[in-house]
Amino acid sequence: MPIANYTSSVAPTKSVNEITEMLVKAGARGIATEYDDGHVIALTFALVFDGDTYHYTLPVHVDRVLATLRAQKVDRRFLNLDHAERVAWRILRDWVRAQMAIIATEMVTAPQIFLPYMRTSTGGTVYDNWEIGHQLPAGSPA
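Attention here is on the structure that accompanies the text. No experiment lies behind these values; they were computed from the predicted model shown. (Residues numbered from 1 in each chain as written. Predicted model: local features only at pLDDT ≥ 70, side-chain atom pairs only at ≥ 80, totals over all residues. Heavy atoms only, no water.)

**Description of the packing of aromatic side chains**
Part 1 of the argument: Summed over the entire model, instances satisfying the criterion amount to 7 aromatic pairs.
Part 2 of the argument: For the ring pair F45 and F114, a centre distance of 5.3 Å and an interplane angle of 80° mean the geometry is edge-to-face. Of this pair, F45 sits in strand 2 (residues 39-49) while F114 sits in helix 4 (residues 110-114), and the two are 69 residues apart along the sequence.
Part 3 of the argument: Among the residues examined, F114 registers a relative accessible area of 1% and is labelled buried.
Part 4 of the argument: Put simply, the rings of F45, Y56, W95, F114 and Y117 pair up and form one aromatic cluster. (Phe/Tyr/Trp six-rings, centres within 6.5 Å; stacked < 30°, edge-to-face > 60°. Helix = DSSP H or I, 4+ residues; strand = E, 2+ residues; numbered from the N terminus. Buried < 20%, exposed > 50% of the residue type's maximum accessible area, 1.4 Å probe, protein only.)

**A few points about the packing of helix 2 (residues 62-71) against helix 3 (residues 81-104)**
Part 1 of the argument: Following both chains from N to C, one finds helix 2 and helix 3 inclined at 105°, their axes separated by 8 Å at the closest point. With respect to their mutual orientation, helix 2 and helix 3 come out roughly perpendicular. Here V62, V65, L66 and L69 of helix 2 lie close against helix 3, whose contacting residues are L81, H83, A84, E85, V87 and A88.
Part 2 of the argument: Within the contact of helix 2 with helix 3, the residues separate by chemical class into 8 nonpolar, 1 polar and 1 charged. (Axes fitted to C-alpha atoms, helices over the stretch in contact; angles between N-to-C directions. Parallel < 35°, antiparallel > 145°, perpendicular 65-115°, else oblique. Contact = heavy atoms within 4.5 Å. Nonpolar A, V, L, I, M, F, W, Y, C, P; charged D, E, K, R; others polar.)

**Details of helix 2**
Part 1 of the argument: Within the span of helix 2, buried status applies to V62, V65, L66 and L69. In a view along the axis of helix 2, the buried residues occupy a sector of 100°, so they form one face of it. Away from the buried face of helix 2 by more than 90 degrees, exposed residues D63, R64 and A71 are located.
Part 2 of the argument: In the core, the buried residues of helix 2 are packed alongside helix 3.
Part 3 of the argument: Just downstream of helix 2 lies K73, where phi reads positive at about 55°. (Arc of directions from axis to C-beta.)

**Comments concerning the environment of T53**
Part 1 of the argument: For T53, the location among the structural elements is in strand 3 (residues 52-59).
Part 2 of the argument: Discounting residues that sit within four places of it in the chain, T53 has contacts with A46, L47 and V48.

**Brief notes about the pattern of salt bridges**
Part 1 of the argument: Overall, the coordinates contain 5 salt bridges when judged by the stated rule.
Part 2 of the argument: A salt bridge links E18 to R90; the shortest N-O distance between them is 2.7 Å. Residue E18 is found in helix 1 (residues 12-25), and its partner R90 is found in helix 3; the two are separated by 72 residues along the sequence.
Part 3 of the argument: Residue classification places E18 among the buried positions, given a relative accessible area of 17%.
Part 4 of the argument: Among the residues examined, R90 registers a relative accessible area of 11% and is labelled buried.
Part 5 of the argument: The partner of R77 in a salt bridge is D75, and the shortest N-O contact between them spans 3.6 Å.
Part 6 of the argument: Classification of R77 by relative accessible area gives exposed; the value is 59%. (Salt bridge = Lys/Arg side-chain N within 4 Å of Asp/Glu carboxyl O.)

**Observations concerning the pairing of strand 2**
Part 1 of the argument: Where strand 1 (residues 29-36) and strand 2 come together, 6 bridges link them in antiparallel fashion. For R29, the partnering residue across the bridge sits in strand 2 and is A46.
Part 2 of the argument: Hairpin geometry of strand 1 and strand 2 is characterised by an intervening segment of 2 residues between the two adjacent antiparallel strands and by a positive phi of about 55° at D37.
Part 3 of the argument: As paired elements, strand 2 and strand 3 share 8 bridges and run antiparallel to each other. The residue of strand 3 that forms the bridge with A46 is H55.
Part 4 of the argument: Between strand 2 and strand 3, which pair antiparallel and follow one another directly, the connecting turn spans 2 residues, one of which, D50, has a positive phi of 50°. (Pairing = 2+ DSSP bridges.)

Written out as structure tokens, the structure is:
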């Protein structure tokens with residue numbers, strides 16, 4: 001079975017705007033859109049938690065979505081970068097929407113959900129630092 005949203009015709013900008021609205025409702029501040037060659041590749045935003053401001057980056061990897069679509073042998077009309085970009089952003093939009101529901105029920109907080117995407121002093125994310133040697137950044141709780 002192909003990945004979710006693999007037939008999406010929703011423009012990436014619409015998904016990005018919907019994600020932005022959800023993040024603002026969750027208390028995000030200073031949302032920025034990152035571009036590469038005219039295509040949105042990430043959303044960067046800040047959340048305030050216990051009086052401190054933390055910065056996060058939610059990326060999309062269109063090339064990975066396209067590779068998945070190819071591996072799943074979907075119809076050829078869905079096998080191009082523009083389509084993969086639509087699918088990637090729609091998947092991220094659905095993920096953020098699901099996280100907002102969990103936050104709304106107070107099962108978790110926004111910082112818990114977005115922790116892997118938190119920017120560190122090294123410029124990467126918490127996950128990036130963990131991935132390199134499976135270590136948390138210095139000063140992080142064990």
